[in-house]
Amino acid sequence: MKIWSSLLAVVALVLIAWLGTGVAGLYTVFGVGIPYLAFLIFALGFIYRILKWGRSPVPFCIPTTCGQEKSLPWIKHNKIENPSGTAGVVGRMILEILFFRSLFRNLKTEKRGDKLGFGSAKWLWLGGLAFHWSMLIILLRHLRFFLDPVPSLVRGLDGLDSFLQIGLPILYITDIIIVAALLYLLARRLFVPQVRYISLASDYFPLFLLLGIVTSGILMRYFLRVDVVSVKELALGLVTLRPTVPTDIGSIFFIHVFLVSSLFAYFPWSKLMHAGGIFLSPTRNMANNSRRVRHINPWNYPVDVHSYAEYEAEFKEKMKKAGVPVETE
Amino acid sequence: MAKLPKQDELLQISYKPPKTPWMDLPVDFKPGTYCHGAKGKDLQAVGFPNARDWSPGEEDWKLPEEWKDTVLAGMADRLGKYRSFRLFMDVCVRCGACADKCHFYMGSGDPKNMPVLRAELMRSVYRRYFTKSGQLFGRLAGARDLTVDVLKEWWYYFYQCTECRRCSVFCPYGIDQAEITIMGRELLNLLGLNTEWISGPVANCYMKGNHVGLEPHTMVSNIEYLVDDIETLTGIHITPSFNRKGAEILFVVPSGDYYADPGMYTCMGYLMLFEELGLDYTWSTYAGEGGNFGFFTSNEMAKRLNAKIYAEAKRLGVKWILGGECGHMWRVLNQYMDTWNGPADFLEEPVSPITGTKFTNATSTKMVHIAEFTADLIHHNKIKLDPSRNDNLRVTFHDSCNPARGMGILEEPRYIIKNVCNNFFEMPEDTIREKTLCCGSGAGLNPGENMEVRLRGGFPRANAVKYVQEKHGVNMLANICAVDRVALPTLMDYWVPGVGVCGVHELVGNALVMKGEKKRETDMRGEPLPERSAEA
């Protein structure tokens with residue numbers, strides 16, 4: 001149910017784009033209106049979500065420490081895994097965001113007879129990293145459609161990504177990697193029993209959607225060739241806010257654009273917001289220095305305590321008998 | 001207490017999830033797997049709502065009529081107060097990296113003990129009442145209504161989490177199940193849904209100054225009893241002081257160390273060390289508890305109990321505070337105390353009177369961990385040690401969850417152990433330091449009635465101990481946590497017979513050569529010293 005409904009939703013999106021452009025010829029709607037709307041939803045939604053998280057304060061200093069604290073000068077302090085200040089936190093966050101440090105620790109717990117064993121389990125880390133980095137490179141590559149002249153950095157990236165020089169048009173390595181990584185991530189969700197057990201429709205849907213985007217993109221580049229000049233014209237028009245609508249690009253392009261638009265519009269309201277959330281995670285972005293620097297809780301309020309005077313009033317005789325000094329006679 | 005199941009019965013663990021979706025699996029309140037319900041009088045003592053006697057095994061939990069509104073309002077309030085809570089409700093992608101990191105999952109195979117699912121118990125309700133998608137799509141979006149059964153499920157599984165944070169080490173977004181469990185328990189406490197084993201000590205600590213409910217004269221006589229034992233052992237008579245104004249240092253320990261075997265040997269170690277140093281310190285009967293079961297209840301309750309430490313330090317006019325070996329105590333002291341009850345501007349920045357070392361990492365809280373203090377002494381050669389007195393022991397070290405993952409005190413205790421023992425062996429790398437495995441009894445889960453769950457939760461730790469027992473003949477599991485000292489002996493007897501449990505300062509006390517002491521015949525536990533037994 002969760003799986004089929006997610007897959008059907010993506011198929012429906014493809015059909016909508018195909019019917020909308022190939023049959024109804026609504027090129028302006030699918031080429032201009034929807035992309036603008038989606039981008040607006042994405043940008044505003046993203047900001048809204050970040051602000052919403054940001055509005056909740058961080059009352060306590062709760063980093064998860066994964067190494068030796070800074071204590072005595074002769075004990076080697078782990079500056080990254082247990083940061084004591086901003087520099088360490090920045091280092092920790094860079095490792096976390098760019099290289100998925102925590103996921104790299106992953107272990108597999110196995111029961112061997114009446115014993116437990118722990119084995120290395122780096123596939124999830126590798127699959128996740130492969131997907132996210134390919135995605136980033138592909139996004140940056142797409143800048144060549146939106147910028148004129150194309151910056152040398154983007155051209156360089158393009159060259160690197162296609163250095164294998166296979167086929168015409170030249171094959172991008174990231175196209176292969178992202179498909180493999182997405183299929184791996186989908187496969188483990190389908191076939192690892194625990195992961196399947198915890199998965200929701202909202203875990204399958206983004207995977208199918210991304211696969212749809214990647215597939216339509218690959219089809220368009222390598223098989224159902226579209227007119228790149230027209231594509232660039234449309235893209236540049238969108239960016240410069242002077243949109244023109246070429247009608248001769250072919251439905252596969254509009255399917256691709258519609259799926260991307262769907263992803264953008266869906267992003268802020270979904271688990272994909274982990275992209276923004278990771279920056280705010282208090283167990284990772286705080287320094288373990290709460291004994292040295294007082295952390296302030298903005299809503300700290302006075303509480304009822306059992307005072308020493310109340311305590312002594314109850315136990316004075318017993319204290320005196322035991323030779324414990326008291327305040328009042 | 002339910003009859004203890006046999007090992008091979010407990011080890012029938014399958015990690016294969018059931019066919020039934022988890023939302024359709026009701027909780028089975030099977031004796032041995034849950035704690036007794038809180039007693040009305042204990043809740044009343046600290047002014048908690050819905051104070052009444054109740055039993056989790058019974059159908060009727062005697063909930064107030066408006067319970068659902070209370071929980072949802074409480075949730076809304078906390079979502080606005082804790083970024084961790086709101087964020088951790090939203091950003092999980094269910095990658096499953098945490099799934100097999102929880103000791104309760106490893107020991108039970110219960111899918112709801114996967115941290116991700118334990119969190120989903122709460123998230124599903126969050127989605128239903130606090131997100132549009134949950135309101136629109138319901139179950140398809142992973143949302144469900146808050147019902148009495150859901151509430152019972154929360155109670156069962158949030159009191160089957162030791163807040164050990166191991167899952168948080170592996171989560172790519174740092175999602176910490178402890179934060180969610182803490183919130184879950186706060187909400188449950190709005191309805192008087194605590195356990196007897198937590199709310200009893202909370203009431204004791206509030207009224208009497210320590211969890212175990214020792215009144216001042218009893219605490220004094222307990223320490224004096226240990227003083228007598230030290231005199232028998234060493235010939236040296238110690239006269240500790242209580243509630244003494246003008247002492248340089250206030251010393252605070254977890255109350256289990258006053259009387260419980262083997263925690264009391266750790267306490268003897270403290271007493272002997274301070275005597276040997278001539279340390280100007282005092283105990284307090286009012287702030288006689290470093291541990292904080294309030295932390296397993298609500299942040300407010302934890303703050304109310306913790307307040308006594310600074311209040312007492314101020315009243316007595318001490319310069320700084322030294323804290324004993326305890327796990328969650330140090331999570332609280334390191335990450336919460338100063339925020340709750342600081343600033344401690346009436347104290348001085350801590351300096352060791354023996355070595356002159358400034359504890360620059362504690363300049364705001366003014367509270368130093370005894371392992372830091374003792375490691376510094378040893379590093380400066382200030383105490384005479386004879387590690388051969390511990391030669392009958394082959395020691396391994398269990399990193400307690402909170403000091404490891406909520407502080408990072410990893411090397412100090414190891415440094416001390418290596419200086420007071422000749423035989424030290426580490427457990428496998430994936431089971432120590434930040435990846436340490438919980439004793440399975442933390443966060444207030446160490447009564448007797450839930451023994452099956454404790455044994456299951458403790459199995460992964462015991463499994464690693466067994467490894468070093470077989471490989472290196474390890475016979476002693478050292479730690480810096482009072483709950484460990486109470487909980488692990490039972491666990492070792494069951495899973496790894498032949499391995500004892502001790503605090504690090506017990507080993508220090510044994511190895512410490514005191515000025516003017518008589519020739520020791522035995523260690524603190526009355527066991528003949530190794531060279532003696534070799535002669536015999």
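Keep in mind that this is a model prediction, so the values were computed, not measured.

Analysis parameters
Residues numbered from 1 in each chain as written. Chains lettered and ligands numbered in written order. Predicted model: local features only at pLDDT ≥ 70, side-chain atom pairs only at ≥ 80, totals over all residues. Heavy atoms only, no water. Pairing = 2+ DSSP bridges. Helix = DSSP H or I, 4+ residues; strand = E, 2+ residues; numbered from the N terminus. Contact = heavy atoms within 4.5 Å. Axes fitted to C-alpha atoms, helices over the stretch in contact; angles between N-to-C directions. Buried < 20%, exposed > 50% of the residue type's maximum accessible area, 1.4 Å probe, protein only. Salt bridge = Lys/Arg side-chain N within 4 Å of Asp/Glu carboxyl O.

(A) Highlighting the sheet that holds strand β4 (residues 367–369) of chain B. Residues and elements named next belong to chain B. Overall, parallel pairing links the four strands, which are arranged β2-β1-β3-β4 in an open sheet. Edge strands, defined here as strands with exactly one partner in the open sheet, are β2 (281–282) and β4. The sheet contact formed by strand β3 (residues 320–323) and β4 spans three bridges and is parallel. Bridge pairing links Ile 321 to Met 367 in β4. Helix α15 (residues 299–316) contacts β1 (249–252), β2, β3 and β4 of the sheet and is inclined by roughly 150° relative to β1.

(B) Layout of unusual backbone geometry. At the junction of Asp148(A) and Pro149(A), the peptide bond is cis and its omega measures out at 0° in the coordinates. Considering the arrangement of structural elements, one finds Pro149(A) in the loop between α6 (143–146) and α7 (152–161). Note that the residue after Gly342(B), namely Pro343(B), is joined by a cis bond; omega there is -5°. With respect to the secondary-structure elements, Pro343(B) resides in the loop between α17 (337–341) and β4. Positive phi, normally seen in glycine, also occurs at Phe100(A), with a value near 55°. Locating Phe100(A) in the fold gives a position in the loop between α3 (86–99) and α4 (101–104). Judged by its relative accessible area of 12%, Phe100(A) is buried. Despite not being glycine, Asn381(B) shows a phi value in the positive range, around 60°. Mapped onto the elements of the fold, Asn381(B) is located in the loop between α18 (370–379) and β5 (395–397).

(C) Up close: the pattern of salt bridges. Residues and elements named next belong to chain B. Counted under the stated rule, the structure contains 52 salt bridges over all chains. Ionic pairing is found between Asp 42 and Lys 41, a salt bridge with its closest N-O pair at 3.3 Å. Overall, the relative accessible area of 10% leaves Asp 42 in the buried class. For the salt bridge of Glu 120 with Arg 94, the shortest nitrogen-to-oxygen distance reads 3.0 Å.

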